[in-house]
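# Close look at the chain arrangement
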Amino acid sequence: MGVKASLGVSIVLKQQTMHGHSFNKYIYIFFLQHYILAFGGIIAIPLILAEPLCVKHDNYVKSQLISTIFFVSGICTILQTTIGTRLPILQGGTFSFITPTLAILSLPRWKCPDLENSVYNVSNNNNITEIWQSRIREIQGAVVVASCLQLILGFSGLIGLLLNFIGPLSIIPTITLIGLSLFGQAGKKCGTHWGIAFITIGLIVLFSQYLRNIELPTIIYNKGKWKISKYPVFKLFPVLLGMCLSWLVCYIFTSCDILPVIPTRYGYAARTDINIDAITNAPWFHIPYPGQWGWPTVSLSSVLGMLSGVLSSTIESVGDYYTCARLSGAPLPPIHAINRGIGIEGIGCILAGIWGTGNGTTSYSQNIAALGITKVGSRLVLQTAGILLIVLGMFGKFGAIFITIPEPVIGGMFMIMFGMIAAVGISNLQYVDLNSSRNLFVLGFSLFSGLVIPTWLNENPGAISTGIKELDQTLTVLFTTHMFVGGFFGCLLDNTIPGSDEERGTSSWQKQIHGVETNGSLGQSCYDLPFVTKYLRRLSWSRYIPFLPTFQMNKN
């Protein structure tokens, strides 16, 4: 995970000490930090999927989904840091898969029946179980099959060819619409108690923006002495601190009976004792296993819809690899490491589908950003964080704790997170010539169509009617997926309307993606596969395999 000549500790670890102390003494701080940074994004996904999966009121199932996604994220993190890019990148659930998932589950055949009066009825338990499990199996099948594309793009080396046709004007509407399309989810949660939601938003904004440069004193014990060291707590954990403090406010209001006790009253959802049964009913120990909800089912419409999420996640990850390398002190990743990283992400998404997270996995940008603050680019830290994710994923009551977070607190977090996703997409405008009427047309039309067409189709179910049921479902899923519509028009128009590379922003964007500077002094052996690279160099045919360390060496 870091960058060592071959295995183990980073080559830049000579500078990665805390005030002269040993790096190993503080490894627990670093891997806990990466875990905490990732937990917000990881738990958000099962909470979003709960309602379309028809388990909004089933706390036991939600806790199992949370445990499963933690467990699989740990496995994928270890795979990526050990045999993937071998960069210090944490893998977790991806929002890129959320939009197509919601589009799939909005089809009439997957609409949830009215379970309000029967969800706790024991006699209907088998029927209720089949209702939600049939839905998650459909998503599992779509993720598994669609992720085969990512696997092929990586291990065949086609990812480089794909990037030649995808520039900023394709990326901007795709990523921006991921955030914009989820505004309804954030609004539902915040609307249960806007006061608590705004407290959460205010605290996260305070910590992440106004107090980000303030370091708090931390007591450290070393060699029999207690010392005080400063640590950028607000900069690293703004979401965690904001959510915890809002959670505490809700607990105090609940204890003092300030919040209503009648379920139909406004603000009831802010109480912390509503879902307390999730902890008591959850098992202490539960090991998620493949096919725990039944084996995946596959349909053409779902697979094609999920492909948009796979492509978006793939392109995002390529940029993450180069960013991670620069921040961790590693040389820019060679093409074989990029190919292997994308291939391993495909394997990770397939594992997520088989285990039944209802999602895939991707690299986590917030954890990459932490590398620039801590200056610790060791793969050992992320591998340890991966082990922690696996272990905690096996403790049922741990996953159940997150079910007790009040809905308006979650809504406040969604407002920040989804807004940031949209902003990340918009940030790619820096590469585009905004004085060009061509670019303004491509950008405006792709964004607007990505909002208008899916919204209209959702309001007019059955509008697509070709007479072929399977084709109707496929087109409905594709054109109700905001990111697919926007990305499709953006890519099509950008590649067909005449324009120079400088005008389109593709030249500067490619330089940014692939890195302007090179750092040959450090070498690239840190990207070699463990144990086997020296044997691969003896095999002449290995130079033709795009994901092996010998590929670029022989090529150059």
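Residues numbered from 1 in each chain as written. Predicted model: local features only at pLDDT ≥ 70, side-chain atom pairs only at ≥ 80, totals over all residues. Heavy atoms only, no water.

### Details of the nonpolar core
Counting 90 residues, the largest nonpolar core has Phe 70, Phe 95 and Phe 418 as its most contacted members. By size, the runner-up hydrophobic cluster in this structure holds seven residues, among which are Phe 71, Val 72, Ala 352 and Met 394. (Core = buried A, V, L, I, M, F, W, Y, C linked by side-chain atoms within 4.5 Å. Buried < 20%, exposed > 50% of the residue type's maximum accessible area, 1.4 Å probe, protein only.)

### Regarding the state of the cysteines
Here is the idea: a disulfide is a covalent bond, and it sits between the sulfur atoms of two cysteines. On inspection of all chains with the given rule, the structure shows one disulfide. A disulfide bridge connects Cys 54 with Cys 112, and the sulfur atoms are separated by 1.9 Å. Residues Cys 54 and Cys 112 are joined through a disulfide that is left-handed, its torsion about the S-S bond being -95°. Here Cys 112 lies in the loop between α3 (98-105) and α4 (125-156) and Cys 54 lies in the loop between α1 (27-49) and α2 (59-83), a separation of 58 residues in the sequence. Among the residues examined, Cys 112 registers a relative accessible area of 35% and is labelled partly exposed. (Disulfide = S-S within 2.5 Å. Helix = DSSP H or I, 4+ residues; strand = E, 2+ residues; numbered from the N terminus.)

### Topic: the side chain of Thr 77
Inspection of the secondary structure puts Thr 77 in helix α2. Judged by relative accessible area, Thr 77 falls into the buried class, the value being 0%. Residues contacting Thr 77, with those up to four places away along its chain left out, are Ile 89, Leu 90, Gln 91, Leu 382, Gly 386 and Leu 389. (Contact = heavy atoms within 4.5 Å.)

### Points about the confidence of the model for the protein
Looking at the protein, pLDDT values average 82 and 85% of them are 70 or higher. The model gives residues 1-23 a pLDDT under 50, and that stretch makes 69 contacts with residues more than four places away or in other chains. Scored below 50 in pLDDT, residues 118-123 makes six contacts in the model with residues more than four places away or belonging to other chains. (pLDDT = per-residue confidence, 0-100.)

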